[in-house]
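Each chain, written out:
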Amino acid sequence: MPPRKKASKEKKTTSGAIVGFEQKLWQAADTLRGSMDAAEYKHTVLGLIFLKYISDAFEEHHAKLKTIKGADPEHPDEYRGDGVFWVPKAARWAHLQAKAKQPTIGELVDGAMEAVERDNPSLKAVLPKDYARPALDKQRLGQLIDLITNIKVGDAEARSRDVLGRVYEYFLSQFAGREGKKGGEFYTPRSVVKVLVEMLEPFKGRVYDPCCGSSGMFVQSVDFIRAHATGNGNGGKAKGDVSIYGQESNYTTWRLAKMNLAIRGIEGQIAHGDSFHQDKFPDLKADYILANPPFNVSDWRGELLREDKRWKFGVPPPGNANFAWVQHIIHHLAPSGVAGFVLANGSMSSNQSGEGEIRRNIVEADLVDCMVALPGQLFYSTQIPVCLWFLTRDKKNHHFRDRRGQVLFIDARKLGRMVDRTRRELAGEDVARIANTYHAWRGEKSAGKYEDVLGFCKSASLDEIRKHGHVLTPGRYVGAEVQEDDGEPFEEKMKRLTSALLEQFAESSRLEKEILKNLKSLGFGQ
């Protein structure tokens, strides 16, 4: 086996599959941003990376067709039949790179994007086409093209390593961080999505996200299926047969979502429009719903939907869309479907504007399956802690064990680790602990026997929830974690602590006198 150092060096400009590769590429790309706004630059960079991807995959297939007798490497159908995007000559990466130093490079890239969209209907109106704008420094654009040229993102080896997926996701997360609150709207942190996916296990059926952002929920659902289908985790029982449905109201984010799925070869119906006012899938009943709706939206124009058929449990207040999202999700849930979604913590306890009554009605309908309290600082868009809601229409037959009249509460606020000064992340073992607790509670034998754990999880009856006024905050049910007894007798401990306290009082008094003395010597004391 060759020395590790040598191996990583050899692969540095090919597959990019080395530790920190995404970070190095990001740092190089970010230096080319200059004074451009992160939100604007996001589409510039991700559009080029996408173009490089389809060009790499095309060139590899092109070379293969040259070796096949009777094949025509310049016929679009030779590519479409094999799931490869047809790339016209004007859009091929080698053509753009050869002209990267020319002042007309912006117009050439725009022309390339238009040509790709024209010849690939699934990408219509998706790719960015504003590279010729005067505000974009053409010298920096040329440098960016040179930088991206050095990575193979679309050939077979890179695809097998999901190089582009990793780069794309890393860039999305970095842009979310740079854009702050605004950026967080299109990107749900990977560890949060992983909790939802690992708990719901969306192996087969219709998967729906009514506010899909950049499609992270779908990408990880398919990743999950692929991992388990190879026998990684459950002996290969999953063979993945899912249909994807998503809707996104922000046009530029919708484009990101379409590109994010396309680079991974995932097919899905992703519609553009407002799910409340332009529900593009009105008759859809989904087997799995995963979502991260925008928190506490006050301008969702709810007053126009007072009589909507979705509000079975109460009319949501026009000043907060949280329970409009909850009821929209319930409306689209199949008879044996399950939903998992992120909401602000206020949704678990708020009684304002009829929200408490809506929550009570949902609990009494026995739709709430599990509530998870997450730690703070997980999101780029907000520092507040959030929670996960899990709903199901059928607690008897969908689960391995009859859990009618019960709700599982998990308090995960103490889990996770700080990855930088402002942001926390749930580690793999944290995700596994939460998901396994849920699976054990549902009666899955592979997850072991479920037991309440003081301070972490509790299976509560509807009667207990009624006693708490239908408040769903896990901390109310799981109790306080048992503190280990250190073996020191109470009397001795109190003497020791009292003595230490008196010493601190004395030191405080001494310091106070010292400070007053110094102030007096400076002419400020009395």
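Here the structure is a predicted model, which means the values were calculated and not measured.

Engineer: Summarise the nonpolar core; cite the residues concerned and give the values.
Structural biologist: Side chains of a nonpolar character, in soluble globular proteins, are inclined to be buried together. Counting residues in hydrophobic clusters, the biggest one holds 97 residues, and the most contacted among them are Leu48, Phe171, Met199, Val372 and Leu388. Of the residues forming this core, the biggest block, 12 residues, is contributed by helix H3 (residues 38–66). When neighbours within four sequence positions are excluded, Phe171 is seen to be in contact with Glu22, Leu25, Trp26, Ala29, Val45, Leu46 and Ile49.

Engineer: Explain the packing of aromatic side chains residue by residue, including any values.
Structural biologist: Each aromatic ring pair is described using two quantities: the centre-to-centre distance and the angle formed by the ring planes. Throughout the structure, instances matching the rule amount to 15 aromatic pairs. When the ring of Tyr245 is compared with that of Phe281, the centres are 5.5 Å apart and the planes differ by 80°; the resulting orientation is edge-to-face. Highlighted residues: Tyr245 in strand S2 (residues 241–248) and Phe281 in the loop between strand S3 (269–272) and strand S4 (286–291), separated in sequence by 36 residues. Residue Tyr245 is classed as buried on the basis of its relative accessible area of 17%.

Engineer: Can you tell me about the sheet that holds strand S11 (residues 457–461), naming the residues and giving the values?
Structural biologist: Overall, mixed pairing links the 9 strands, which are arranged S3-S2-S1-S4-S5-S7-S6-S8-S11 in an open sheet. Every interior strand has two partners, whereas the edge strands, S3 and S11, have only one. Between one strand axis and the next, the sheet turns by 15° as a mean value, whatever way the strands run. Across 4 bridges, S2 lies against S3 in parallel orientation. Looking across to S3, one finds that Tyr245 is bridged to Gln269. Against the sheet, helix H13 (residues 251–262) touches S2 and S3, its axis set at about 170° to S3.

Engineer: Pulling in residues and values, what's your account of a positive patch on the surface?
Structural biologist: Taken together, the side chains of Lys285, Lys309, Lys312 and Arg393 present a region of like positive charge at the surface. Within the secondary structure layout, Arg393 lies in the loop between strand S7 (386–392) and strand S8 (406–411).

Engineer: Please set out the side chain of Asp279 residue by residue, giving values where relevant.
Structural biologist: Within the secondary structure, Asp279 sits in the loop between S3 and S4. Among the polar contacts made by the side chain of Asp279, one reaches the main-chain amide nitrogen of Phe281 at a distance of 3.1 Å. A distance of 2.7 Å separates a polar atom in the side chain of Asp279 from a polar atom in the side chain of His332. Beyond its immediate stretch of four places on either side in the chain, Asp279 contacts Tyr208, Gln247, Asp274, Arg310, His328 and His332.

Engineer: Outline the pattern of salt bridges, supporting the account with residue identities and numerical values.
Structural biologist: Note on pairing: side chains with opposite charge can pair once their charged atoms come close. Under the definition given, this model contains 24 salt bridges. In this structure, Asp146 and Lys101 form a salt bridge, with 2.4 Å as the shortest nitrogen-oxygen distance. Linking Asp146 in helix H7 (residues 138–149) with Lys101 in the loop between helix H5 (93–98) and helix H6 (105–119), this pair joins segments that are 45 residues apart in sequence. Judged by its relative accessible area of 23%, Asp146 is partly exposed. Here Lys101 falls in the exposed class, since its relative accessible area comes to 68%. A salt bridge links Asp130 to Arg133; the nearest nitrogen and oxygen atoms lie 3.3 Å apart.

Engineer: Account for the state of the cysteines, naming residues and giving values.
Structural biologist: On inspection of all chains with the given rule, the structure shows 0 disulfides. In this structure Cys212 is a free cysteine whose sulfur lies 7.9 Å from that of Cys211, the closest cysteine sulfur available.

Engineer: For the packing of H6 against H7, give the residues involved together with the corresponding values.
Structural biologist: Contact geometry of H6 with H7 gives a least axis separation of 9 Å together with a crossing angle of 55°. Between H6 and H7, the angle is such that the two are oblique. Touching Ile105, Gly106 and Val109 of H6 are Lys138, Leu141 and Ile145, all from H7. Across the contact of H6 with H7, the residue classes tally to 4 nonpolar, 1 polar and 1 charged.

Engineer: Can you lay out the environment of Phe400 for me, pointing to particular residues and giving the numbers?
Structural biologist: Structurally, Phe400 is set in the loop between S7 and S8. Sequence separation between Phe400 and Lys445 is 45 residues, and the spatial gap between their C-alpha atoms is 8.6 Å.

Engineer: Which residues make up a nonpolar patch on the surface, and what values go with them?
Structural biologist: Together, Leu511, Ile515, Leu516, Leu519, Leu522 and Phe524 give the surface a local cluster of nonpolar side chains, amounting to about 640 Å² of exposed area. When you line up the elements, Phe524 lands in the segment after helix H19 (490–521). Its relative accessible area of 66% is what places Phe524 among the exposed residues.

Engineer: Hey, could you go over helix H15 (residues 355–364) for me, with residue numbers and the actual values?
Structural biologist: Listed in full, the buried residues belonging to H15 are Glu355, Gly356, Ile358, Arg359, Ile362 and Val363. The buried residues of H15 occupy an angular sector of 160° when projected down its axis, which confines them to one face. Turning to H15, the residues buried within the fold contact helix H14 (322–331), strand S6 (368–373), S7 and helix H17 (462–467). Directly after H15, the chain includes Asp366, whose backbone phi takes a positive value near 60°.

Engineer: Any details on unusual backbone geometry? Residues and values, ideally.
Structural biologist: Of note, the phi angle at Asn296 is positive, near 50°, even though the residue is not glycine. Tracing the sequence through the fold places Asn296 in the loop between S4 and H14. Accessibility expressed as a relative area gives 37% for Asn296, which makes it partly exposed. Notably, Asp366 is not glycine yet its phi reads approximately 60°, a positive angle.

Engineer: So what's going on with the packing of H14 against H15? Which residues, and what values?
Structural biologist: The N-to-C vectors of H14 and H15 enclose an angle of 25°; their axes lie 11 Å apart at closest approach. On the basis of their axis angle, the class for H14 and H15 is roughly parallel. Along this stretch, H14 crosses H15, giving a crossing that reads as left-handed. Residues Phe323, Val326, Gln327 and Ile330 of H14 pack against Glu355, Ile358, Arg359 and Ile362 of H15. Here the residues of the contact of H14 with H15 sort into 5 nonpolar, 1 polar and 2 charged.

Cut-offs and rules
- Residues numbered from 1 in each chain as written.
- Predicted model: local features only at pLDDT ≥ 70, side-chain atom pairs only at ≥ 80, totals over all residues.
- Heavy atoms only, no water.
- Core = buried A, V, L, I, M, F, W, Y, C linked by side-chain atoms within 4.5 Å.
- Buried < 20%, exposed > 50% of the residue type's maximum accessible area, 1.4 Å probe, protein only.
- Helix = DSSP H or I, 4+ residues; strand = E, 2+ residues; numbered from the N terminus.
- Contact = heavy atoms within 4.5 Å.
- Phe/Tyr/Trp six-rings, centres within 6.5 Å; stacked < 30°, edge-to-face > 60°.
- Pairing = 2+ DSSP bridges.
- Axes fitted to C-alpha atoms, helices over the stretch in contact; angles between N-to-C directions.
- Patch = residues over 30% accessible without salt bridge, like charges linked within 9 Å, V, L, I, M, F, W, Y side chains within 5 Å.
- Areas by Shrake-Rupley, 256 points an atom, 1.4 Å probe, with all protein chains shown as cover.
- Salt bridge = Lys/Arg side-chain N within 4 Å of Asp/Glu carboxyl O.
- Lys, Arg positive; Asp, Glu negative; His and termini not counted.
- Charge placed at Lys NZ, Arg CZ, Asp CG, Glu CD.
- Polar contact = N/O pair within 3.5 Å; in protein donor to acceptor, adjacent residues only side chain to side chain.
- Disulfide = S-S within 2.5 Å.
- Parallel < 35°, antiparallel > 145°, perpendicular 65-115°, else oblique.
- Nonpolar A, V, L, I, M, F, W, Y, C, P; charged D, E, K, R; others polar.
- Arc of directions from axis to C-beta.
- Left-handed = near helix turned anticlockwise from the far one by under 90°.

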